[in-house]
Each structure stands twice: as C-alpha cells, then as structure tokens.
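A look at the structure
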Amino acid sequence: MVQREDGDQRAVMSGLFRKVLKTVWVLINIVVLIALALSAWDMHRNRRAAHFIAWFVAGVFVLLAVPITFYEVAQHLENYRMPRLQRHVIRILFMVPIYAVDCWLALRFKDGTIYFDTIRECYEAYVIYNFYAYCTVYLQEFCNPGLEQIIARKPPARHIWPISAFLDFPRMGEPFLRLCRHGVINYVVVRPLTTALAFVSEANGVYGDGQILNPLVAYPYLALLNNVSQAWAMYCLILLYRATHEELAPIRPFYKFCTVKAVVFLSFWQGQTLLFMVKMQWIKVSQRETKTDYDAAEVATAMQEFLICVEMFFAAIAHSYAFPPSEYFGAQIPKERRMIDNIADMFDLRDVYHDVVNYGESNQERLSHRWMSFVGLFTGKQPPPLASPSTKVRGQQESEFARLVDSSGRPMSDVEMSRIPGIGSLNNGGSERSAGDGRVYGERSGGG
C-alpha cells in the first residue's frame with residue numbers, strides 16, 4: 001500500500017515537472033521568435049543577402065522544432081507500453097526532424113538539393129506506410145473480432161467521383177483490405193524507384209529540377225508519377241478511415257490523419273504552386289536584388305525549403321497533441337523491456353521489408369495470371385483461379401502483416417513470437433487479444 005502511494009506521488013510530481021518544463025519552453029520560444037524577427041529585419045536593413053537571411057531564419061526554426069520532437073519521442077520510449085502501436089507513432093514523429101534538417105541543408109547547399117529532397121520524399125512514403133500500419137494494427141490486435149471481420153461487416157461502398165467512373169469498388173472484406181494495402185505500399189515502392197531514376201537523369205544532365213513545363217527533361221514525368229502514386233496512397237488511407245472511423249475512434253484518428261496529410265500532401269502542392277508562381281512571374285526573380293546566382297526554378301525550390309523549415313516548427317507542436325504519449329499511460333510496462341530494447345524495436349524494419357516483399361509477390365502472381373488468361377484466349381487453356389489471399393493470411397498468422405522470421409530466415413511460430421518483447425502472444429480464437437504489452441483487450445470494438 002505504501003509503495004503504491006509512493007508511486008502515485010512520483011507520478012504526480014513527474015506530471016507537475018512536465019507542465020513546468022512545457023511552460024518554460026513556451027516562454028523561451030516566444031522570446032526567441034521575437035528576437036528572430038528583430039534580427040531578420042536588422043539584417044535586411046543592412047543589405048545582407050536574402051539567401052543568407054532565409055538560411056538563418058530557417059535554422060532557428062529547425063532548432064526550435066527538433067527538440068520538441070525529441071522530447072515527445074523520449075516520452076514514448078520511456079512509456080513504451082504498447083510497442084506494436086508506438087513503434088509506428090515514433091516513426092511518424094521523426095518526420096519533423098528529418099524534414100526540417102533535410103530542407104535546411106538543401107537551402108544551404110543548393111547543388112545538392114536533388115539528393116536532400118529525394119531523401120525527404122522517400123521518408124514521406126515511409127510515413128504514409130506507418131500511419132496505415134498504425135491503424136490496421138489497432139484494428140487487428142486491439143479490436144474484436146479482428147480487422148478482416150470488422151471490414152466484412154461493413155455495408156457496400158463506392159469510389160468517389162471520378163474514380164467511380166473507371167473502377168468498381170471491391171467487396172468489403174479481404175478484397176477491400178488488399179486495395180488499401182497495395183495502394184499504400186505502391187508509394188513505398190514507386191518513390192525509391194523514381195528516386196533512382198532522378199539520380200540517373202541528374203548524372204546524365206537531363207533531370208531538369210523544377211522545370212515542370214519542359215518536356216525535354218525527366219523532372220515533369222517523374223513528378224507526375226510521384227504525384228499520382230502519392231495521391232492514390234492517400235486516397236486509400238481515406239477509404240480505410242471512412243470504413244473504420246467508428247472502430248478507430250478511441251485513438252482519435254481524425255487529428256492524426258490531418259497532421260500526416262497536411263505535411264505529406266500539402267507540402268507537394270505548396271512546392272508546385274511556388275514553382276508555377278515563379279514561372280508566371282507573379283514572384284519576381286532578380287539576381288541583382290537577391291545577390292545570388294539562383295534562376296527561377298532554384299528560387300521556387302529555395303522558397304519551398306524555407307517554408308518547410310518554418311512549418312515543421314508548427315508541425316512538431318501539432319504532432320505533440322495528435323500523438324501524445326499520455327494515450328498509453330493506462331497500460332502496464334512489460335517488465336522484461338529495457339530502453340535499449342525500445343530503441344532497437346523502433347529501428348526494426350522487418351515489418352516494412354516483408355510487406356513490400358508480399359506486395360511484390362502478390363502483384364507478380366496476379367500479373368502472371370492475367371497474362372496466362374490473355375494467352376488462353378488464343379490457346380483455349382485458361383489458368384486455374386487464384387487462391388484466396390485471405391486463406392493464405394490465415395495460414396500464416398490471421399494478421400495483416402507478414403510473420404517475423406528468425407536469424408536463419410525461417411518463419412517464427414506463435415510460441416516463438418510470444419517470447420519476443422513487445423510482440424506477445426495472439427489468442428486467435430477467443431474474444432480477447434493480447435497486445436504484447438501487458439494488457440489484454442476484449443470487447444472494445446465499436447461493432448460493425
């Protein structure tokens with residue numbers, strides 16, 4: 001009893017300390033922002049180069065944004081009570097420092113912009129995947145009766161216009177989940193491929209960064225491909241949210257989705273809008289006045305880098321409210337977990353690897369089946385129907401994700417997986433599911 005009272009007292013003191021720390025941090029930010037505005041005005045009055053002023057201001061915003069994210073990540077690692085969910089949350093939170101530092105370096109070293117931007121955009125695809133994984137893990141493991149069963153109970157839906165004019169909506173259940181899963185993972189695959197093509201084009205002098213209206217360079221075609229792939233991934237996320245928003249209500253998915261979408265999707269259109277405004281000369285570019293050797297496309301890119309650096313400060317604040325560690329304070333901390341285990345789990349990318357491999361194998365099988373069907377029109381021999389993907393999944397783990405493998409590449413059994421910190425055991429047959437974090441979730445779903 002005494003130990004419990006001591007624990008409650010320490011929790012109260014810890015909460016009070018965090019509130020005081022946040023208050024002091026807010027006051028420091030206000031003072032720094034006021035001093036920053038005065039410093040920028042003084043540099044402009046003394047005719048310092050516009051590029052130098054932008055780089056200085058962007059650097060201050062980066063220094064303000066990065067500690068906010070690191071503090072939130074540290075809080076999650078300290079209270080790593082639901083590893084299956086929090087690993088995806090931490091990966092999403094790291095979007096802010098990666099975006100901010102990446103854009104600040106691109107603003108400083110303009111000749112390396114293509115390399116910095118592609119790193120940022122590859123992580124963008126990774127963030128979309130992790131948000132999808134965050135939602136589906138919650139539905140699969142923490143809701144009853146499970147992800148596929150929840151979706152199968154939903155009423156039939158339709159694509160939004162104009163997509164509905166070209167595509168039929170899949171049956172609710174495994175086909176719907178396959179559409180969402182493949183739609184998200186397609187961007188994880190396409191983004192690195194277009195990055196490799198961009199590097200090859202740049203090496204051969206035909207990339208044309210920012211030349212959106214030049215048909216003789218690779219940039220407009222790669223930008224179009226990336227945009228279509230990204231838009232489809234975001235659309236698939238919207239479909240998943242629209243179908244499961246009632247079940248996802250306990251984790252407040254709307255605010256989380258808005259913060260991710262604002263950073264990922266709007267940043268692209270912001271860059272294209274700036275580029276269009278410079279091309280139309282709505283934003284004038286004068287090398288004499290700016291004291292730089294930037295052309296119109298480079299000015300638009302630099303403005304995009306600067307704005308992202310500033311916006312990441314506000315994104316870090318938004319993420320701290322959308323993905324707070326307090327959501328996980330109610331669960332027990334697994335006794336066998338150490339901080340080093342939490343950090344290692346955060347960087348374990350086997351889930352991404354196996355999902356991408358499964359995506360490739362599934363599409364290869366489907367494309368091969370379609371080709372054999374086409375050939376069968378001439379030979380009269382039609383291939384056997386494809387096996388149901390849901391049957392394959394149930395045979396592996398009754399899960400949306402690939403099974404973990406051991407060091408020899410052999411798939412682990414449920415018993416072996418239950419011994420891994422943060423994985424725990426799965427009770428596939430009952431009304432309760434172990435979260436692998438010390439809690440057991442029973443009848444929590446909103447139905448369906």
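Residues numbered from 1 in each chain as written. Predicted model: local features only at pLDDT ≥ 70, side-chain atom pairs only at ≥ 80, totals over all residues. Heavy atoms only, no water.

Broken down by element type, the protein carries 15 helices and 2 strands. A burial count over the protein gives 47% of its 448 residues as buried. Considering only contacts in the protein between residues 6 or more positions apart, those separated by 24 or more positions represent 73%. In the form shown here, the protein has an accessible surface area of approximately 23500 Å², with 64% of it arising from carbon and sulfur atoms. (Helix = DSSP H or I, 4+ residues; strand = E, 2+ residues; numbered from the N terminus. Buried < 20%, exposed > 50% of the residue type's maximum accessible area, 1.4 Å probe, protein only. Contact = heavy atoms within 4.5 Å. Areas by Shrake-Rupley, 256 points an atom, 1.4 Å probe, with all protein chains shown as cover.)

Okay, the confidence of the model for the protein next. In regions of low pLDDT, the predicted coordinates are not meant to be interpreted in detail. On average, residues of the protein score 77 in pLDDT, and 77% of them are at 70 or above. The element-level mean pLDDT for the protein is lowest in strand 2 (residues 440-441), coming to 35, with helix 4 (residues 95-108) highest at 92. Counted against residues more than four places away or in other chains, residues 389-448, with its pLDDT under 50, gives 136 contacts. (pLDDT = per-residue confidence, 0-100.)

Given a rise of 1.5 Å per residue, 29 residues ought to cover 42 Å, and the 41 Å separating the end C-alpha atoms of helix 5 (residues 113-141) matches this to within 8%. With respect to burial, helix 5 is a largely interior element, 25 of its 29 residues being buried. (Expected span 1.5 Å × (residues − 1).)

Moving on: empty space enclosed by the protein. All told, the structure shown has 4 cavities of 30 Å³ or more when counted by the stated rule. The space that makes up the largest cavity amounts to roughly 480 Å³. In terms of lining residues, the largest cavity is bounded by 30 residues, among which Asp117, Arg120, Glu121, Tyr219 and Gln272 are the most central. Secondary structure elements with two or more residues in the lining of the largest cavity: helix 5, helix 7 (174-203), helix 8 (219-248), helix 9 (253-279) and helix 11 (296-322). It is helix 5 that provides the largest number of residues to the lining of the largest cavity, a total of 7 residues. The residue makeup of the lining of the largest cavity, split by class, is 11 nonpolar, 12 polar and 7 charged. (1 Å grid on protein atoms, 1.4 Å probe; cavity = no way out; pocket = protein on both sides within 12 Å on 5 of 7 lines; lining within 4 Å. Points joined across faces, edges and corners; volume = space filled by probe spheres on them. Nonpolar A, V, L, I, M, F, W, Y, C, P; charged D, E, K, R; others polar.)

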